[in-house]
Amino acid sequence: MKYHEIKHENLKKWIDEVVALTKPEDVVIADGSKAQYDSLVSDMIESGLAIKLHEEKKPGGIAFFSDPSDVARVENRTYIASATKEAAGPTNNWIDPTELKTTMTDLYDGCMKGRTLYVIPFSMGPVGSNIAKIGVEITDSPYVVTNMMIMTRVGLRVLDVLGSDGEYVQCLHSVGKPLSEGESDEGKWPCAPLDKKYISHFPETRQIWSYGSGYGGNALLGKKCLALRIASVIARDEGWLAEHMLILKITSPAGKKKYVAAAFPSACGKTNLAMLVPTIKDWKVETIGDDIAWMKFGADGKLYAINPEAGFFGVAPGTSLDSNPNAMHSLKENSIFTNCAITKDNDVWWEGIGYDAPSELIDWKENKWIQDKGNKDQAPASHPNARFTAPASQCPSIASEWEDPNGVPIDAILFGGRRPHTVPLVHQARDWNHGVFLGSIVGSEITAAALDLKAGTIRRDPFAMLPFCGYHMGEYFQHWINIGKTHGQENLPKIFYVNWFRKTDSGKWLWPGFGENSRVLKWVFEACDGTAKTVDTPIGVMPTLDAIDRPDGVSDEDMAELLKVDVQGWLDEVSDIRVNHYPKFGQKLPVELAHMLDVMEKNLSLAK
Ligand code: OXD
Ligand code: MN
């Protein structure tokens, strides 16, 4: 299809404007066909940008090495350009939208010279679902097109749903590297220098403008930009929730099922939990989504969730048949690998894949790499944020209803993070507002010094949405409180706080995690049914010491430690929230949350 044939006048006009501004050599519509995917892949292999992986070891697989300056989301170059700074709030970078558009229009001028402009019509969520939203991404990166074809539903059927006047989110992307006459990328990853990268959101006009990066969430604009930053604003306006949450289904031995959504900050194991293989007999866990949940109330008053994505953009290092067999099976074929190491026979390898590196590798910086196990300081062969892009449909644990356009009814919401001390293995909120309070204080230990933050300190990441909320976070808290006011407690999901990451003072893990987390999910399941063994504590409702089946290696003392209310630790937490966290939100902090903090402090003081 040629873009002049598009029936949607406003979309055609926008494409015309972008073509005039960016001056590409050609315009192609991503039609969603396998033939087009295959031809983009062979072009990228031919140009040297992509590596074709081993036919039998990774059928249909390709690999890329990005530019070393373009390896992750760039939070300090990510902007919420709302009409006022106040609307973006204290936790987002803000630039006046007119000024930002002027700067970026200059950058976009001629930026696609020598390249093809692709128009990608995509649906976040099953095509036609009333929870789904349509986006159209314009990009000059074939890498982006192929990744979007895995991560979202792309193609002409989306244009059909859009019709002649349907609503869509404009997503404009360029790698920011025009080519002069006769110039080619010579197989190198195109991008612009860091100070020219902009990942910009215009919430009022529901637009995304991204320039200069070709990587992940900076460039696959359906994911963090649309499905979280822009969607969180739409959700606030329309009374629903767009959240950084996995969705899983758990089925008891009696065949009873429940759906659980869970928000953990990036790199806290959402993909692992979503694909967990239970260690408890006859319990089953299946996957609906691993990163994002859109949740709307149904006619029966219950909260229904869809996974707006169609694939997984997972962190490769640490993923193995032991830690996450379902992820390993998902990426066996038809997958894209970015910044993983490549073996001599064109397979992928990464740190923590579960076996030693073959004798010789090409590392993500494209140098020869030989494993030196004696050298703890050896630079890794794969980048710590190396990724696999895999179709969700290939996941062995995918639930049959994962594409149900009506979504699945959520019974429980979990919050969590890496907290070596203080926060117990699991506790339950007394009611919705208490649950919102727990979401608002989510924090996680910084594990790598890479983020300019001190390793070992706790970074507050409320609702795991700190980098992804498209408006004032205080108003976001209020939106959650308001949901509780307008919907009956009996229909609302129960809220829990989990922590798999407790350590002893000598640094030993107290809880084995991974599949053993099914034991905690079982208690959550029972708590939703009202059959769990519970005890009231100053911080919420907790399991009794014998309520959770114990895995091998967890002693009575370990369990007592995991389920202890650390009164002094929590009082320190209260003062940290009071002094360093809540004041950020000023007048917009809901009174209900300030009240919850007072209640917790009072409860703890009484328990001292
Ligand atoms: C992700 C993230 O890539 O949260 O999902 O950073
Ligand atoms: Mn994420």
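Residues numbered from 1 in each chain as written. Chains lettered and ligands numbered in written order. Predicted model: local features only at pLDDT ≥ 70, side-chain atom pairs only at ≥ 80, totals over all residues. Heavy atoms only, no water.

A. Up close: the overall build of the chain. The secondary structure content of the chain amounts to 16 helices and 31 strands. Taking 25 Å as the expected radius of gyration for a compact globule of 608 residues, we find that the chain reaches 24 Å, a close match to that expectation. The principal-axis extent of the C-alpha atoms belonging to the chain is close to 75 × 55 × 45 Å. Looking at the chain residue by residue over its 608 residues, the buried ones come to 59%. The contacts of the chain with a sequence gap of at least 6 include a subset with a gap of at least 24, amounting to 72%. (Helix = DSSP H or I, 4+ residues; strand = E, 2+ residues; numbered from the N terminus. Rg over C-alpha atoms; globule rule 2.2 N^0.38 Å. Buried < 20%, exposed > 50% of the residue type's maximum accessible area, 1.4 Å probe, protein only. Contact = heavy atoms within 4.5 Å.)

B. Representation of the pairing of strand 25 (residues 412-416) in the model. Counting buried positions along strand 25 yields five of five residues, so the element is predominantly enclosed. Covered by surrounding structure in strand 25 are A412, L414 and G416 together with I413 and F415, the residues of both alternating faces. Direction of pairing for strand 13 (residues 257-263) relative to strand 25: parallel, over a ladder of four bridges. Each bridged residue has a counterpart across the sheet, and for A262 the counterpart in strand 25 is L414. Note that strand 25 and strand 29 (residues 494-498) share five bridges and pair parallel. Within the sheet, the bridge partner assigned to A412 lies in strand 29 and is K494. (Pairing = 2+ DSSP bridges.)

C. Here's a closer look at the coordination of the manganese ion (ligand 2). Each protein donor to the manganese ion (ligand 2) is listed here as K224 (NZ), H244 (NE2) and D291 (OD); together their distances run 2.2 Å. The sequence motif formed by the donor residues of the manganese ion (ligand 2) is K-x19-H-x46-D. Taken together, the residues K224 in helix 8 (residues 222-238) and H244 in the loop between strand 11 (241-243) and strand 12 (246-251) connect sequence positions 20 residues apart. Given a relative accessible area of 6%, K224 falls into the buried group. (Donors = N, O, S within 2.8 Å, 3.2 Å for Na, K, Ca; no water.)

D. Spotlight on the packing of aromatic side chains. Applying the stated criterion to the full structure yields 25 aromatic pairs. Taking 5.5 Å as the distance between ring centres and 70 degrees as the angle between the ring planes, the aromatic pair formed by F202 and W209 counts as edge-to-face. As far as burial versus exposure is concerned, F202 and W209 are alike and both buried. Between the aromatic rings of F496 and W523, the centroid separation amounts to 6.1 Å while the plane-to-plane angle is 80 degrees, which identifies the pairing as edge-to-face. Note that F496 is positioned in strand 29 and W523 in helix 13 (residues 518-529), a separation of 27 residues in sequence. Across this residue pair, the class does not change: F496 and W523 are buried. Here the aromatic cluster, defined as three or more aromatic residues joined through ring pairs, consists of F415, W432, F463, Y471, Y476, F477, W480 and F585. Positioned above the aromatic ring of F525 is the side chain of K258, whose terminal nitrogen or guanidinium carbon lies 5.0 Å from the ring centre. (Phe/Tyr/Trp six-rings, centres within 6.5 Å; stacked < 30°, edge-to-face > 60°. Lys NZ or Arg CZ within 6 Å of the ring centre and 35° of its normal.)

E. Highlighting the sheet that holds strand 24 (residues 408-409). If you trace the four strands from one edge of the open sheet to the other, you get 11-15-16-24, paired in antiparallel fashion. Edge strands, defined here as strands with exactly one partner in the open sheet, are strand 11 and strand 24. Each of strand 11 and strand 15 (293-297) is contacted by helix 8, which is oriented at about 160 degrees to strand 11, the strand it contacts most. Strands strand 11 and strand 15 of the sheet are contacted by helix 12 (residues 473-486), whose axis makes an angle of about 130 degrees with strand 11. (Axes fitted to C-alpha atoms, helices over the stretch in contact; angles between N-to-C directions.)

F. Focus on the sheet that holds strand 17 (residues 311-315). In space, the five strands of this open sheet follow the order 2-3-18-23-17, with mixed pairing throughout. What marks the edges here is a single partner per strand, and that holds for strand 2 (51-52) and strand 17. Inspection of the sheet shows strand 3 (residues 62-64) paired to strand 18 (residues 336-338) by three bridges, in the parallel sense. Residue pairing across strands places I62 opposite I336, the latter belonging to strand 18.

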